[in-house]
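Here is how the chains run, residue by residue.
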Amino acid sequence: MAVINRGELWRRVYACAMGKNAGGTLGAPVEGQPGPHNFDWYPKLQEGGIPNDDLEMQLVWFDAVKRAGWKINSLVLSQAWLTHIGYNWNEYGIAKRNLRWGLQPPLSGAYDNDFFKDCMGSPIRSEIWACLAPASPRIAVRFAFEDAIVDHAGGEGVWGEMFFAALESAAFAMGGYERLDELLDIALAYIPYDCQIHRAVTDTRSWWAELKDWKKVRERIAEKYWHREPTHAPQNIAFTVLGLLASDGDFGRAICTAVNCGQDTDCTGATSGAVMGILLGELPKRWIEPLGEMIATTISWGGLRNFTPPQNVRVLTDQIVEAAAMLLPFYGAPIRISDEPTELKSLPQDWLMPDDGIYELWERNKYPWQCNFELSALNVSVDYRGAPTINPQVQKPLTVWLQNRQPMPMRVQLQWHADSNYCVEPYRQDVVLEPNGIVGVDVSVSAPMSLRQTQTLWLILNILERPNEVAIPVTLIGERKWQIKCPDNGWRVEWVKDSQLPLEEWFGGKPGMIEARIWLHSPNRKQAVIGFPCNARFELSLNGITLLSTHQPDYLVRPGQQGPQSHYARTTLRIGWNELKVKVARGDEPVSAYLILTDPTDLHRHITDVVLTMSPEQ
């Protein structure tokens, strides 16, 4: 069996954490600025570095899986999100809202998240999985996948975290920076060749080989992959890889190049610093001594909650190395951590490359509308056949897949439990499963006109002559009941699946004016922020009072939890019904808009108890 020397592993994990902090501190002051920049030193310096979600979320994940007995899956991480993560930026807030509504991963990361699922929120969380599974990218990538689908399912963000986890885990098996090209080959093998990140990294390597000038390569990346959203993953991962390629093994050059490319600079600097830390095993004192070994977090203002971080980076490194020594054999790695000298020549020849299990992960990310449950006797998958939404006018189809885990036949009765106003057909069904066989069962769900914001159905599986097990939750989100005013026929109802208004569909791609309204039913009087990010001329009113009126045709339409006063207004929702009206004017260009509701008193947490699925006339 192969061996990783404990002391060597400790040094590389320590350098990974210190490099992460250094790169993030370098880039944090200019986060979101397009660049290019010209930094060769920290623009802002403080002991412990600048707090960064890139690092502190990984502290939470490490604590969560430790408390869960080292179960590393999306459900464990989902609980940690809701217990410990206070901030609600972008995809974080959308995923947390979905979890609070009852959606499980990957639905939590896929539903109503088309804009942010391709962003950097998950690629920046890869290092913990690589450090827990050093020189074992097959294992690290599976951990990273479970993490990423919580808030990026179906998007490039998942490929980004898988790519970095593979790169960083395999780096523990390499002798140093001179094998970077080999590492990039390995990491690319873990993501589909046709995804944007694979193409962006491949192009970046080719341009670097041709030009050997980071500014010129940055121009090429910007020409092909630039996105107005600063956190869009393909461009930023290309910048990170460019920093590694241009460094020639110099840590400071790596993080400065990545940050100087612009955009999501705290993330690109942090990840390039972490990778260099693993490869080099020791970082220049010039860069790390000013930061010290304390771990800066956002606990002081509630970014992290109900959480005590490790005392310092040394304590964290001790804990990670101890955990890795246990996890490697537990997950079947042919490696042990020992005081003996490192010896990796006895690793299976293909150990660093993906096995056939990678295709399962690819398929799960390409189709993120299926939730899996592992019971003692059966594996159960609920296929939502698309977005997990329902309205009273259309039956919602579902498919339940049952896989027999036993080498003998089973007779299974499926029985649904739901609110009396919901109808599931067939309500009860018997199936026979052959040994190790798979059967799919189709059902349809009908919802009442008094549609709830969320509704959880329960599937009970009774297996003949077997103990009863837990019920399977199937959560459906009520579609939003918009009403559109027609010149001749008054108001008509339009059911909308998520927070994005289908304006182009309503306008038919033609200039004109649309008046729309939606009723918000609040259980109590509350403060709220109403956001209407939109690139058309619009006016928005609540209960007859105009809150927003503007026209910014170049506005970047994104469903962020907060934004400028021109598109976000603080107001008060009264108890019961609140009428929200918008008038939108379309010119010759396509228009887009979202409706966002957040709580201004709790870090703009998305409001989940206001109902948008009914109107007073019901």
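This text follows the structure it describes.
The sections below set out a description of the structure shown in this document. Computed from a predicted structure; not experimentally measured.

### A few points about the sheet that holds strand S23 (residues 596–599)
Consideration 1: Strand order in this open sheet of four strands is S20-S17-S23-S24, and the pairing throughout is antiparallel. Lying at the two open borders of the sheet, with one neighbouring strand each, are strand S20 (568–573) and strand S24 (605–606).
Consideration 2: When strand S17 (residues 526–531) meets S23, the two strands line up antiparallel, connected through three bridges. Each residue of the ladder has a partner; that of Val529, found in S23, is Thr598.

### Some words on the environment of Val3
Consideration 1: In this fold, Val3 is placed in strand S1 (residues 2–5).
Consideration 2: Remark: the alpha-carbon pair of Val3 and Asp339, spanning 336 residues in sequence, is separated by 8.9 Å.
Consideration 3: Not counting residues up to four positions away in its chain, the partners in contact with Val3 are Arg336, Ser338, Glu340, Pro341, Thr342, Glu343 and Leu344.

### Some remarks on the pairing of strand S18 (residues 537–542)
Consideration 1: The sheet contact formed by S18 and strand S21 (residues 576–586) spans six bridges and is antiparallel. Bridging across to S21, Leu540 finds its partner in Val582.
Consideration 2: As paired elements, S18 and strand S19 (residues 545–550) share five bridges and run antiparallel to each other. By the bridge assignment, Ser541 is partnered in S19 with Thr546.
Consideration 3: The turn linking S18 back onto S19 is made up of two residues, and Asn543 within it adopts a positive phi angle of 50 degrees.

### Looking at the packing of aromatic side chains
The geometry of an aromatic ring pair comes down to the distance between the two centres and the angle between the two planes.
Consideration 1: Throughout the structure, instances matching the rule amount to 22 aromatic pairs.
Consideration 2: Geometrically, the ring pair formed by Tyr87 and Trp301 is tilted, given 6.4 Å between the ring centres and 45 degrees between the ring planes. Of this pair, Tyr87 sits in the loop between helix H3 (74–84) and helix H4 (90–100) while Trp301 sits in the loop between helix H15 (285–288) and helix H16 (313–330), placing them 214 residues apart in sequence.
Consideration 3: Note on Trp301: relative accessible area 43%, which makes it partly exposed.
Consideration 4: On the basis of an interplanar angle of 80 degrees and a centroid distance of 5.1 Å, the ring pair of Phe330 and Tyr331 is categorised as edge-to-face.
Consideration 5: Classification of Phe330 by relative accessible area gives exposed; the value is 60%.

### A few points about the packing of helix H8 (residues 156–171) against helix H14 (residues 265–280)
Consideration 1: At a minimum axis distance of 8 Å, the contact between H8 and H14 shows a crossing angle of 20 degrees. By the angle class used here, H8 and H14 are roughly parallel. Helix-helix and strand crossings are classified by hand; for H8 and H14 the assignment is left-handed. Residue-level contacts link Phe164, Leu167, Glu168 and Ala171 of H8 to Thr271, Val275, Ile278 and Leu279 of H14.
Consideration 2: Residues belonging to the contact of H8 with H14 are distributed by class as follows: six nonpolar, one polar and one charged.

### A closer look at the packing of helix H9 (residues 180–188) against helix H12 (residues 233–247)
Consideration 1: Direction vectors running N to C along H9 and H12 enclose 160 degrees, while the axes themselves pass 11 Å from each other. By the angle class used here, H9 and H12 are roughly antiparallel. Counted together, Leu180, Asp181 and Leu184 of H9 and Val241, Leu244 and Leu245 of H12 form the full contact between these two elements.
Consideration 2: Looking at the contact of H9 with H12, its residues break down into five nonpolar, no polar and one charged.

Thresholds, definitions, all that
- Residues numbered from 1 in each chain as written.
- Predicted model: local features only at pLDDT ≥ 70, side-chain atom pairs only at ≥ 80, totals over all residues.
- Heavy atoms only, no water.
- Pairing = 2+ DSSP bridges.
- Helix = DSSP H or I, 4+ residues; strand = E, 2+ residues; numbered from the N terminus.
- Contact = heavy atoms within 4.5 Å.
- Phe/Tyr/Trp six-rings, centres within 6.5 Å; stacked < 30°, edge-to-face > 60°.
- Buried < 20%, exposed > 50% of the residue type's maximum accessible area, 1.4 Å probe, protein only.
- Axes fitted to C-alpha atoms, helices over the stretch in contact; angles between N-to-C directions.
- Parallel < 35°, antiparallel > 145°, perpendicular 65-115°, else oblique.
- Left-handed = near helix turned anticlockwise from the far one by under 90°.
- Nonpolar A, V, L, I, M, F, W, Y, C, P; charged D, E, K, R; others polar.

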